[in-house]
Each structure stands twice: as structure tokens, then as C-alpha cells.
Amino acid sequence: MGLTSKDKQDHLAGSHGEGLKVAALVMRREGYKSQSDRDVTVVIGAGHANPSQPVSSETFFGWLQVTPDIRGLTYPHSTIDTPNGDLLLDPQFQGKIFLHGLLLPMSTSGGKVFKFGYNFALEPSTKARIWKHILQASQQGLFFYSETSSAQSIGMIRESTGKKPTRLPESFWRLLRSVSPIRTIDEEQRKCFRDTKIGALPRSVFARTTDRALRACLALMQATKDIRVLYVNGSTGKLDVFYDAMSSTLKIHHRWLDFDNVHQETSCRTLFPNNIGGNSAPYFCGHVVEELLALSICSIFKASPLLRATEMRYMRQIRRLIRFLPHSITISSHPGGLQVTWEDNEAESFRKLDGFGADYVVVLHAEQCTSARAAVFQSDTISTETAFAPCGCRQQVVCQTHRWCVFANMNISTRYYAMICLNERSAIYGLPSESILHGPQG
């Protein structure tokens with residue numbers, strides 16, 4: 001030991017004896033006695049820790065296989081030298097990958113063995129070229145991942161970045177990790193959302209209904225019911241959602257609250273009302289809640305095996321609840337009382353199947369009943385004979401085919417707002433109506 005093949009080759013690492021010193025330290029750590037003589041020889045023998053276990057020649061020569069640079073022992077006979085490293089043609093190096101003369105673990109890819117050995121010598125300019133190539137590939141829609149990544153992580157790449165997952169052998173992945181800032185999908189998401197700023201919830205019906213329905217969907221699952229939802233502004237590329245498990249916070253890009261932005265590439269309908277992005281518009285876009293929920297589940301559960309099972313079981317239930325989600329809830333004066341009306345997105349043909357349609361719960365809250373506004377879903381089905389909600393406010397069970405009801409004999413000096421949901425357990429409340437004063441106006 002002590003010879004080097006790196007003399008007069010400035011682009012290669014080494015030549016200062018660090019490797020020799022580290023080797024001696026490793027021997028001491030393992031309990032062997034190691035003595036250096038002017039940085040050119042190393043004497044290895046039994047130490048105080050294990051005097052009865054001398055180093056056998058087989059063990060010693062096995063240690064030497066971690067490098068191809070020991071002349072007379074592991075030095076290759078046939079190589080092709082390049083500025084970026086050496087191609088090792090000797091059969092004993094088949095399938096092995098070295099970096100600066102040190103063997104990398106897991107040198108095979110998916111059970112396949114490389115035909116030759118490779119000893120990479122990466123100088124700063126080489127590292128820059130590698131990273132430039134990775135960036136170019138990323139711009140072309142590729143996202144690299146290690147062959148040891150889970151199937152769920154690969155799915156996260158597709159769903160959260162829209163890029164094509166591209167597998168790398170573990171040895172290459174470790175090599176790239178050592179010379180470039182290549183990132184896992186989780187690291188990529190965290191970086192993109194690190195410098196974003198929290199934004200205010202817009203006042204549009206589209207934004208408020210989307211937010212309310214999403215929070216209701218999360219509240220219905222035990223594993224997600226305590227998650228806080230924040231909408232952020234900033235540059236996140238094509239990433240829309242990131243879940244921070246440390247703070248139990250789900251960060252969503254603010255563009256999901258903008259009707260025009262969401263429908264920019266593909267519109268869900270050919271015609272919308274002129275006021276669709278306003279504060280008194282109908283809500284036709286339950287698909288936005290479903291899409292956002294799917295992205296959220298993917299980010300929350302990450303590599304958990306519950307991911308697909310949860311999503312498959314849960315999304316069908318949510319799709320139905322969103323279809324029955326009431327919108328355009330209004331209150332108006334009516335002879336002898338107040339009239340409440342609403343709409344939903346169930347097809348008329350289904351409403352007529354049984355001649356009646358589904359039942360909805362309509363609650364007329366006094367304005368001072370502020371806690372009710374925060375409710376996002378109903379805990380259980382109520383009886384048609386129950387005239388008062390738990391808070392004491394008036395309520396009715398009304399057939400879907402009517403989509404209106406009248407509350408008589410209300411206090412003329414009180415302002416009221418209406419909340420409506422399907423009459424079943426876990427049904428999602430629509431956006432509450434504006435408050436109206438029952439009595440002489442103006």
C-alpha cells in the first residue's frame with residue numbers, strides 16, 4: 001500500500017494521503033493495530049480489542065476489492081481512459097461502479113449486471129455538465145428517481161408534477177446525489193413550497209365553495225380531520241399541493257381558487273353564466289373539489305400502502321356527496337314568512353326516478369347563531385318531524401324536487417341566514433346564504 005496512480009493528474013482527487021489515513025483509522029476502529037510509516041506503508045495486525053482474531057489474507061484481500069488502484073493486486077490490466085473516468089474491461093470488474101477509486105454499493109440495476117466496470121472521476125466542470133443535463137431532461141418532462149423508490153412515490157411524481165418518472169440504477173442515483181442537487185419527489189415538493197406566502201381566501205362563490213367542500217371532505221376521514229388547509233402564493237412550478245406532516249398543514253397553490261385559471265386548459269362545460277367568477281354565482285364545478293382532494297390524499301399519505309385503498313374507497317362516496325351539494329342558496333321575503341331556495345347539480349332525470357327525489361335539511365339560523373356557519377358537514381340524518389336544530393333554530397326536511405320552502409311566523413326584527421345539506425350522515429353543507437332581515441326593509 002502507499003502507491004498511487006494519480007501522480008501528475010491534477011483533475012483526479014487524492015494525492016495528499018487522505019485515503020491512506022482514513023484506511024488506517026478504519027483499521028483502528030475495527031480493533032486492529034495500524035502503524036503508518038512515512039505515509040507509504042501500513043502494517044496491520046491484531047490489536048488490543050481482538051488479540052485472538054488476526055486478519056486473514058482472505059479478509060485482507062477482500063478489503064482491497066473496494067478500489068481498483070492497488071498495483072499488483074487490484075489494478076486493472078485493460079482500461080479505456082477518458083477525461084471523465086475509466087472504463088474497466090477486466091472480467092473481475094464486471095458490474096462494478098467506482099467513484100474516484102472507491103466502490104459504490106448496489107452497482108447493478110434491477111437484476112441486470114453492467115458488462116464492464118466504471119471508475120468515474122468527476123471534476124467540477126463534469127459535475128456542472130451532469131447537473132445541466134438533469135435540468136434539460138427535467139424541462140423535457142422527465143423526473144428522475146431511484147430504482148429503490150416505492151410505487152407510491154412514483155405515482156406521486158406523475159400526479160403532482162405531471163412529468164414522466166424516469167428510473168435510475170441505485171448506484172447512479174447515489175452518484176448523482178453526491179455531485180448534484182438532484183431531489184426526491186418529497187424534497188422537490190418541500191423546496192417548491194418553502195418560500196411561498198399565505199394568501200387570503202377570495203370572496204367569490206367558486207373559491208369559498210371549493211374551500212368549504214374540500215375541508216368537509218378532509219374532516220370526514222379520521223386520518224385527515226385535524227389537518228389545517230392553507231392557500232399560498234408563489235412560484236411552485238406545476239406542483240399544486242404539499243402536505244407538511246410536522247405542522248399537519250396542507251398547502252395548496254392559490255390558483256385552485258381562481259375559476260379562470262382552473263379552466264384555462266380544459267373547460268368542464270361549453271357555457272357558463274357571465275357572473276360565474278363573482279360573489280353570487282352558481283357552483284357547477286364539483287370536479288375541482290374531487291381533483292384537489294385526489295392531489296391532497298396523494299401528498300398526505302405519500303408512500304403509505306393506504307394511499308390507493310383509501311382513495312378508491314373514499315372518492316366514490318365523495319363524488320356522490322359533491323353531486324348533491326346545494327348551491328345558490330337564497331332567502332327572500334314571502335307573505336307571512338321567509339322563503340328559502342337552492343339548486344344542486346343532480347340531473348333532473350334522476351330526481352324523477354322515484355317521483356320525489358332526495359330529502360334535504362334546511363335550517364334557518366338567526367344571525368347571532370355564529371357557530372353554525374362553521375359547520376361543514378352534518379353528523380347524522382334527522383327526522384322529518386324534528387322542527388328545531390340542536391342550536392334551537394328552525395329547520396325543515398324538504399324534497400329535492402321542490403328545492404324551496406317557507407318559514408312562517410319568524411321574528412320581524414331578526415336577521416336570518418340559511419344552511420342546507422342532503423338529509424343523511426356526513427352530507428356536506430352548501431355555502432350559507434347571505435343574511436336577510438325579516439321585517440320592514442330600508
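Everything numeric here is computed off the predicted structure, so don't read it as measured data. (Residues numbered from 1 in each chain as written. Predicted model: local features only at pLDDT ≥ 70, side-chain atom pairs only at ≥ 80, totals over all residues. Heavy atoms only, no water.)

Trainee: Account for the pairing of strand β15 (residues 337–343), with residues named and values stated.
Mentor: If a strand is regular, its side chains alternate between the two faces of the sheet. Examined bridge by bridge, strand β14 (residues 327–334) and β15 share 6 bridges and lie antiparallel to one another. Bridge pairing in β15 places Ser333 opposite Leu338. Taken together, β14 and the strand that follows it, β15, pair antiparallel across an intervening segment of 2 residues, in which Gly336 is found at a positive phi of about 85°. Relative to strand β18 (residues 404–408), β15 runs antiparallel, the two being bridged by 5 bridges. Bridge pairing links Thr341 to Trp404 in β18. (Pairing = 2+ DSSP bridges. Helix = DSSP H or I, 4+ residues; strand = E, 2+ residues; numbered from the N terminus.)

Trainee: Describe in detail the sheet that holds strand β12 (residues 241–244), supporting the description with residues and values.
Mentor: The strand order β10-β11-β13-β12 describes an open sheet built from 4 strands, whose pairing is mixed. Looking at the sheet topology across the chains shown, the edges are occupied by β10 (197–198) and β12. Bridge count for strand β11 (residues 228–233) against strand β13 (residues 249–253) is 5 bridges, and the pairing is parallel. Note on β13: the bridge partner recorded for Tyr231 is Ile252. Contacts from helix α7 (residues 205–219) reach β11 and β13 within the one sheet, and its direction differs from that of β11 by about 140°. Helix α9 (residues 286–301) contacts β12 and β13 of the sheet and is inclined by roughly 40° relative to β12. (Contact = heavy atoms within 4.5 Å. Axes fitted to C-alpha atoms, helices over the stretch in contact; angles between N-to-C directions.)

Trainee: Lay out the pattern of salt bridges in plain terms, naming residues and giving numbers.
Mentor: In this structure the tally under the stated criterion is 12 salt bridges. The partner of Glu170 in a salt bridge is Arg174, with the nearest N and O atoms 2.9 Å apart. Separated by 4 residues within a single helix, Glu170 and Arg174 lie in helix α5 (residues 170–179), roughly one turn from each other. For Asp211, the salt bridge is made with Arg215, and the minimal N-O distance between the two is 3.1 Å. Here the residue Asp211 and the residue Arg215 both occupy positions in helix α7, the gap between them amounting to 4 residues, near one helical turn. (Salt bridge = Lys/Arg side-chain N within 4 Å of Asp/Glu carboxyl O.)

Trainee: How would you summarise the side chain of Asp344 if you had to cite specific residues and measurements?
Mentor: Along the polypeptide, Asp344 turns up in the loop between β15 and α11 (348–351). Looking at Asp344, its side chain comes within polar contact range of the main-chain nitrogen of Glu346, at 2.9 Å. Within the local environment of Asp344, its side chain forms a polar contact with the side chain of Gln400, the two groups lying 3.2 Å apart. (Polar contact = N/O pair within 3.5 Å; in protein donor to acceptor, adjacent residues only side chain to side chain.)

Trainee: Explain unusual backbone geometry residue by residue, including any values.
Mentor: Of note, Ser248 is a non-glycine position whose phi angle comes to about 50°, a positive value. Inspection of the secondary structure assignment puts Ser248 in the loop between β12 and β13. Backbone geometry at Asn409 places phi at a positive 55°, although glycine is not the residue there. Its location among the elements puts Asn409 in the loop between β18 and β19 (415–422).

Trainee: Go over the sheet that holds β19, please, and point to the residues and values.
Mentor: Each strand in a sheet pairs with another by means of backbone hydrogen bonds, the pair being arranged parallel or else antiparallel. Pairing in this open sheet of 4 strands is antiparallel, and the strands run β17-β16-β19-β20 from one edge to the other. Each edge of the sheet is formed by a strand with only one pairing partner; in this case those strands are β17 (394–399) and β20 (436–437). For strand β16 (residues 359–366) and β17, the ladder comprises 6 bridges, and the chain directions are antiparallel. When the sheet's bridge partners are listed, Tyr360 is paired in β17 with Val398.

Trainee: An account of the nonpolar core is needed here, citing residue identities and associated values.
Mentor: Judged by nonpolar contacts, the single largest core of 39 residues is most densely connected at Leu250, Ile252 and Leu293. At the level of secondary structure, the elements contributing two or more residues to this core comprise α7, β11, β12, β13, α8 (259–262), α9 and α10 (306–323). When residues of this core are assigned to their parent elements, the largest contribution, 8 residues, is made by α9. With 30 residues, the next largest nonpolar core counts Val340, Val362, Cys405 and Tyr429 among its residues. (Core = buried A, V, L, I, M, F, W, Y, C linked by side-chain atoms within 4.5 Å. Buried < 20%, exposed > 50% of the residue type's maximum accessible area, 1.4 Å probe, protein only.)

Trainee: Just give me the short version of helix α6 (residues 185–194), but keep the residues and values in it.
Mentor: Residue pairs three or four apart in sequence face the same way in an α-helix, which turns once every 3.6 residues. Listed in full, the buried residues belonging to α6 are Ile185, Glu188, Gln189, Cys192 and Phe193. Projection of α6 onto a plane perpendicular to its axis shows the buried side chains occupying an angular sector of 115°, all on one side. In the core, the buried residues of α6 are packed alongside β8 (142–146), α4 (151–161), β11, β12, β13 and α9. (Arc of directions from axis to C-beta.)

Trainee: Please set out the environment of Leu73 residue by residue, giving values where relevant.
Mentor: Locating Leu73 in the fold gives a position in the loop between α2 (57–63) and β3 (79–82). For Leu73, a relative accessible area of 47% gives the class partly exposed. Between the alpha carbons of Leu73 and Phe61 there is a distance of 8.3 Å; along the sequence they are 12 residues apart. When sequence neighbours within four positions are dropped, the list of residues in contact with Leu73 reads Phe61 and Leu64.

That is the geometry; function is a separate question.
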